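Take a look at the letters that make up each chain.
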Amino acid sequence: MTKPPLLLLHGVTMSGLAWKELLPSLSERHEVLAPTLRGHRGGPPPRRRPVRVRDLVDDMERLIDEKGWDTAHLAGNSLGGWIAVELARRGRARTVCALSPAGFWSAGDEEQQHGTTILRWLARLASATHTLAPVGLAVPPVRKLVLHSVAQHGERLSRADAAAVVRDLVGCAVTADILSSTEEIAPLDPVPCPMTIAWSEHDRILPLDVNGAIARERVPGARFEVLTGVGHVPMIDDPARVVRVIEAGTGVRDGSGAPVE
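Residues numbered from 1 in each chain as written. Predicted model: local features only at pLDDT ≥ 70, side-chain atom pairs only at ≥ 80, totals over all residues. Heavy atoms only, no water.

K.L.:
Give a description of the packing of aromatic side chains that names residues and reports values.
P.N.:
One pass over the full model with this rule turns up three aromatic pairs. Ring geometry for Trp-82 versus Trp-105: centroids 5.6 Å apart, planes at 85 degrees, classification edge-to-face. With Trp-82 in helix 3 (residues 79-89) and Trp-105 in the loop between strand 4 (93-99) and helix 4 (110-129), this residue pair connects regions lying 23 residues apart in the sequence. Seen in terms of ring centroids, Phe-104 and Trp-199 are 6.5 Å apart; in terms of plane orientation they differ by 55 degrees. Their pairing is tilted. One end of the pair, Phe-104, is in the loop between strand 4 and helix 4; the other, Trp-199, is in strand 5 (residues 195-200), and 95 residues separate them in sequence. Take Phe-104: its relative accessible area is 0%, and that puts it in the buried class. (Phe/Tyr/Trp six-rings, centres within 6.5 Å; stacked < 30°, edge-to-face > 60°. Helix = DSSP H or I, 4+ residues; strand = E, 2+ residues; numbered from the N terminus. Buried < 20%, exposed > 50% of the residue type's maximum accessible area, 1.4 Å probe, protein only.)

K.L.:
Could you give an account of the layout of surface pockets, with specific residues and numbers?
P.N.:
The calculated volume of the largest pocket comes to roughly 500 Å³. Every residue lining the largest pocket is counted, 29 residues in all, and those nearest its centre are Leu-122, Val-146, Leu-147, Val-166 and Leu-169. Elements with a contribution of two residues or more to the lining of the largest pocket: helix 4, helix 5 (133-136), helix 6 (140-146) and helix 7 (159-171). Counted by class, the lining of the largest pocket contains 20 nonpolar, nine polar and no charged residues. (1 Å grid on protein atoms, 1.4 Å probe; cavity = no way out; pocket = protein on both sides within 12 Å on 5 of 7 lines; lining within 4 Å. Points joined across faces, edges and corners; volume = space filled by probe spheres on them. Nonpolar A, V, L, I, M, F, W, Y, C, P; charged D, E, K, R; others polar.)

K.L.:
Describe the environment of Gly-42, with residues and values.
P.N.:
Locating Gly-42 in the fold gives a position in the loop between strand 2 (31-33) and helix 2 (53-66). For the pair Gly-42 and Gly-16, spaced 26 residues apart in the sequence, the C-alpha separation amounts to 8.6 Å.

K.L.:
So what about the pattern of salt bridges? Which residues, and what values?
P.N.:
A full pass over the atoms with the stated rule returns 20 salt bridges. For Lys-67, the salt bridge identified is with Glu-31, shortest N-O distance 3.5 Å. Linking Lys-67 in the loop between helix 2 and strand 3 (72-77) with Glu-31 in strand 2, this pair joins segments that are 36 residues apart in sequence. Here Glu-31 falls in the partly exposed class, since its relative accessible area comes to 32%. Taking the shortest distance from any N to any O, the salt bridge between Arg-62 and Asp-59 comes out at 2.4 Å. One end of the pair, Arg-62, and the other, Asp-59, are both in helix 2, three residues apart, so they sit about a helical turn from each other. Connected via shared salt-bridge partners are Asp-58, Glu-61, Asp-65, Arg-90 and Arg-92. (Salt bridge = Lys/Arg side-chain N within 4 Å of Asp/Glu carboxyl O.)

If you want it as structure tokens, here you go:
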């Protein structure tokens, strides 16, 4: 029996490696694809500059077409969650699970500038210190400190995986393009498919009480859930929890015939 397709979409400055720990579990019930977005380390180069979010949405729609899928289950974090919502708007989603999706702001206002300012600072810091990262990241408290803006428990990553996060950050060629975009997620009501918006309780990039509140207003038909105890990239803090949220959203059933909780 053919497994239902699942497209995983990472956040800005990251790569398909963001889903590494989730892939074995998700692949048991889905045909999983976790690409690296254009202009990000390991992904295809930009076709033109500046790269905008709509360009990345176009890319992912072409990828869905290339796979021969009419629609797919979509799960994305931050920028990836934004892309998932826009693909759903185009009718390409069976379900959506958006994890602290970006784009829920009024472009140029404080609720956008807060997150983009932090990300710009992280990019500058990583560029200045990345040659020292392999040494420092050997120490768990250093990993926790380095990843503090995106995770509650950065120390749980291995030294190698933490170093890969830093390399992705330094190697992203389109950070400035995406962070300077004036795009935003427009209201979506009704939702075109079952949609879960799962917001990290300790999101320091896109705070729950600011950007999460805007998401509730603009997509009132989505099921809204708070992921307790995790930061902006919840796959770092609690990959098993993220697997459960994604699978519950897709409605895929386990071997006993019971819905995945």
